[in-house]
Amino acid sequence: MSIRTILTQGDPALNKKCHMVTRFDDRLADLLDDLKETLTEAGGVGLAAPQVGILRRAVIVVPDPEIDEMIELVNPEIVAQEGEEDGWEGCLSLPGMWGKVKRPKWVKVRAQDRWGNWFETEGADMAARCFCHELEHLDGHMYDEHVDRLYTSEELDAMMAEEGDQENKRHRRRRRGR
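This one's a predicted model, so the numbers in the text were calculated from it and none came from an experiment.

Visitor: Go over the overall build of the protein, please, and point to the residues and values.
Guide: Tallying secondary structure elements over the protein gives three helices and eight strands in all. Its C-alpha atoms give the protein principal-axis dimensions of roughly 65 × 30 × 30 Å. Considering the protein as a whole, with its 178 residues, one finds that 40% of them fall into the buried category. Once local pairs closer than 6 in sequence are excluded, the contacts in the protein between residues at least 24 apart make up 65%. Total accessible area on the protein is roughly 10100 Å²; 46% of this is exposed by carbon and sulfur atoms. Charge centroids of the protein, computed over 25 positive and 36 negative side chains, lie 6 Å from each other.

Shown next, in the form of structure tokens:
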């Protein structure tokens, strides 16, 4: 296993549609292992093969950061979705930037494992967002195509602090009976 370089916005590989995986061999296993190690090192919640310059339909997703589990998805596709919600997203290929993106609240994904066996997995909220985000990479798209504006980490922190202050003020007023 090795840590691979994560490509950043502007690299042409990030805008290309990936090829289906047809060989379930040691090369695929090595790629999946490298994606896991690279993702762990970067501290992200998802990583797609094109983000390391490999134009194959393979991603790694951490559906719940509280549980140390990574799901390998080869040739994934979303087969069902429900609801809609706005949420903040960032990307290892667009470091230090954030945007608010509308995504399904729940999705079901059909994919193959590293041996070619088909399976389905599903997720809601953050997991659904992560599945959608990573699968978009496989078609040459990035989340910033869905946003009106990108925010720096500092701007996002300031907005979150302001929202927290406003919520604390509302809570204090309610406790005082106002």
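Visitor: Explain the sheet that holds strand 6 (residues 106–112) residue by residue, including any values.
Guide: As summarised here, the arrangement of the five strands in space is 1-2-3-6-7, forming an open sheet in which the pairing is antiparallel. Strands at the two margins of the open sheet, each flanked by one partner only, are strand 1 (46–48) and strand 7 (118–124). Taken over all neighbouring pairs, the strand axes of this sheet differ in orientation by 35° on average, direction set aside. Inspection of the sheet shows strand 1 paired to strand 2 (residues 58–61) by three bridges, in the antiparallel sense. Counterpart to Ala48 in the pairing with strand 2 is Val59.

Visitor: I'd like a description of the packing of aromatic side chains, backed by residues and values.
Guide: Counted according to the given criterion, the structure contains one aromatic pair. Taken together, a centroid distance of 5.3 Å and an interplanar angle of 85° make the contact between Trp88 and Tyr151 edge-to-face. Taken as a pair, Trp88 in strand 4 (residues 85–91) and Tyr151 in strand 8 (residues 151–152) lie far apart in primary sequence, 63 residues in all. Directly above the ring of Trp118 sits Arg110, whose terminal nitrogen or CZ lies 4.0 Å from the centroid. Between the NZ or CZ atom of Arg114 and the centre of the ring of Trp115, over which it lies, the distance is 6.0 Å.

Visitor: Lay out the pairing of strand 7 with the relevant residues and their values.
Guide: Examined bridge by bridge, strand 6 and strand 7 share seven bridges and lie antiparallel to one another. The residue of strand 7 that forms the bridge with Val109 is Thr121. Between strand 6 and the antiparallel strand that follows it, strand 7, lie five residues; Gly116 among them carries a positive phi value of about 95°.

Reading the values: rules and limits
Residues numbered from 1 in each chain as written. Predicted model: local features only at pLDDT ≥ 70, side-chain atom pairs only at ≥ 80, totals over all residues. Heavy atoms only, no water. Helix = DSSP H or I, 4+ residues; strand = E, 2+ residues; numbered from the N terminus. Buried < 20%, exposed > 50% of the residue type's maximum accessible area, 1.4 Å probe, protein only. Contact = heavy atoms within 4.5 Å. Areas by Shrake-Rupley, 256 points an atom, 1.4 Å probe, with all protein chains shown as cover. Lys, Arg positive; Asp, Glu negative; His and termini not counted. Charge placed at Lys NZ, Arg CZ, Asp CG, Glu CD. Pairing = 2+ DSSP bridges. Axes fitted to C-alpha atoms, helices over the stretch in contact; angles between N-to-C directions. Phe/Tyr/Trp six-rings, centres within 6.5 Å; stacked < 30°, edge-to-face > 60°. Lys NZ or Arg CZ within 6 Å of the ring centre and 35° of its normal.

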